[in-house]
Amino acid sequence: MNTTDWITDIALVLIVFRQLREGRLDLKSYLIPLGIVTFVASHYLRSVPTAGNDLVLIVTLIAAGAALGIAGGVYTRIRGAGEHLYIKAGVVSAILWVVGMGARMGFQVWVDHGGADNVARFSIAHQITTGQAWVAAFVLMALTEVVTRLATIFVRSRLVVREVAPGTRPAPVLDHTA
């Protein structure tokens, strides 16, 4: 892993830690994570291999990313206060985020430090045709996790806004944190 790899992986992990402290839900809350994964995708995603079982690997990791992202969005507290919405990632949300983003980083470190032969044997046994299939699978997993988490937060935030008309009653808290 080079310096850029470390910086982007750590930045993705730190995004959720920023939300462990309650903060205002605004455009920046969406743009920063989307900007980081867009950079990662443009930097690493050169192709999406479709030979052999490459798509099975890719779809499996995309599904894992979607599950982690949706669950992470559900376990993020959203509350209305006046005209503003506030979010706070719960412990479960933080753990899911670190598991998802950390999996990619951990896999890459493992491959770079002795795991490459194991991955090659697994790939041959399961008809995964290229290393690019692994890259595409993990990048798309991260992208999917970010997008589904943000989409879940967006939908849930709209529910808070819709349920409370200004000045009628205290804003509800959508809290699935554990």
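The coordinates are above.
Heads up: these notes are all about the structure in this document. As a convention, each chain's residues are numbered from 1 in the sequence order in which they are written. Two thresholds apply to this predicted model, a pLDDT of at least 70 for residue-level local features and 80 or more for giving and counting side-chain atom pairs, whereas whole-chain, interface and lining totals are computed over all residues. Excluding hydrogens and water, the side-chain values take into account all heavy atoms of the structure.

Let us now look at the layout of surface pockets. Estimates place the volume of the largest pocket at around 320 Å³. Around the largest pocket sit 16 residues that line it, and Phe-107, Gln-108, Gly-131, Trp-134 and Val-135 are the ones nearest its centre. Helix and strand labels come from DSSP, where a helix needs a run of H or I of at least four residues and a strand needs a run of E of at least two; each type is numbered from the N terminus. The leading source of residues in the lining of the largest pocket is helix α4 (residues 91-125), at seven residues. Here the term cavity refers to a set of points on a 1 Å grid, laid over the protein atoms alone, in which a 1.4 Å probe fits but cannot get out; the term pocket refers to an open set having protein on both sides within 12 Å along at least five of seven lines, with lining residues being those that place an atom within 4 Å of a point. Grid points are joined across faces, edges and corners, and a volume is the space filled by probe spheres set on the points.

Quick look at α4 now. Here α4 is 35 residues long, yet its end C-alpha atoms lie only 38 Å apart, well below the 51 Å a rise of 1.5 Å per residue gives. Of all bends in α4, the biggest is about 105°, found at Gly-115. Positive phi appears at Gln-127, one or two residues downstream of α4, with a value of about 55°. Here the expected length of a helix is defined as 1.5 Å per residue gap, with one fewer gap than residues. By definition, a residue's bend is the angle between the axes fitted to the seven residues ending there and the seven starting there.

Here we take up the nonpolar core. Only buried residues count toward a nonpolar core, which is a set of Ala, Val, Leu, Ile, Met, Phe, Trp, Tyr and Cys residues joined through side-chain atoms within 4.5 Å. A 1.4 Å probe rolled over the protein chains alone gives each residue an accessible area, and that area as a share of the maximum for its type sets the label: buried under 20%, exposed over 50%, partly exposed in between. Ranked by size, the top nonpolar core spans 21 residues in total, and within it Leu-12, Leu-25, Val-40, Met-101, Val-146 and Ile-153 carry the most contacts. Those elements that place two or more of their residues in this core are α1 (3-18), α2 (27-44), β3 (84-89), α4 and α5 (131-163). When checking whether two residues touch, look at their non-hydrogen atoms; a contact exists if any pair is within 4.5 Å. The contacts of Val-146, once residues within four sequence positions are left out, are Leu-12, Pro-33, Leu-34, Val-37, Trp-97 and Met-101. Within the second largest apolar cluster, 15 residues are counted, among which are Leu-68, Ala-133, Leu-140 and Met-141.

The next thing to look at is a nonpolar patch on the surface. Patch definition: residues above 30% relative accessible area lacking any salt bridge, with like charges linked at up to 9 Å and the nonpolar side chains Val, Leu, Ile, Met, Phe, Trp and Tyr linked at up to 5 Å. Residue-level accessible areas treat just the shown protein chains as cover; the underlying method is Shrake-Rupley with a 1.4 Å probe. The term salt bridge refers to a side-chain nitrogen of Lys or Arg lying within 4 Å of a carboxyl oxygen of Asp or Glu. A cluster of nonpolar side chains, Trp-6, Ile-10, Leu-14, Phe-17, Leu-20 and Val-98, forms an exposed patch at the surface whose accessible area comes to about 490 Å². Per-element tally for the nonpolar patch: the top contributor is α1, with four residues. Examined against the element boundaries, Leu-20 turns out to sit in the loop between α1 and β1 (23-24). Of the residues examined, Leu-20 reaches a relative accessible area of 31% and is grouped as partly exposed.

Attention now moves to the packing of aromatic side chains. Under the pairing criterion, centres of Phe, Tyr and Trp rings, with the six-membered ring standing for Trp, must be within 6.5 Å; the plane angle then separates stacked pairs below 30 degrees from edge-to-face pairs above 60, leaving the rest tilted. Here the structure, examined in full by the defined rule, presents six aromatic pairs. Of the aromatic side chains, those joined through ring pairs into one cluster are Phe-107, Trp-110, Phe-122, Trp-134 and Phe-138. A cation over a ring is seen here: Arg-104 above Tyr-44, with NZ or CZ 5.5 Å from the ring centre. Counting as a charge over the ring demands two things of the Lys NZ or Arg CZ atom: a distance within 6 Å of the ring centre and an angle within 35 degrees of the ring normal. Over the ring of Trp-97 we find Arg-149; its NZ or CZ atom is 5.2 Å from the centre of that ring.

Shape descriptors only; they carry no functional weight alone.
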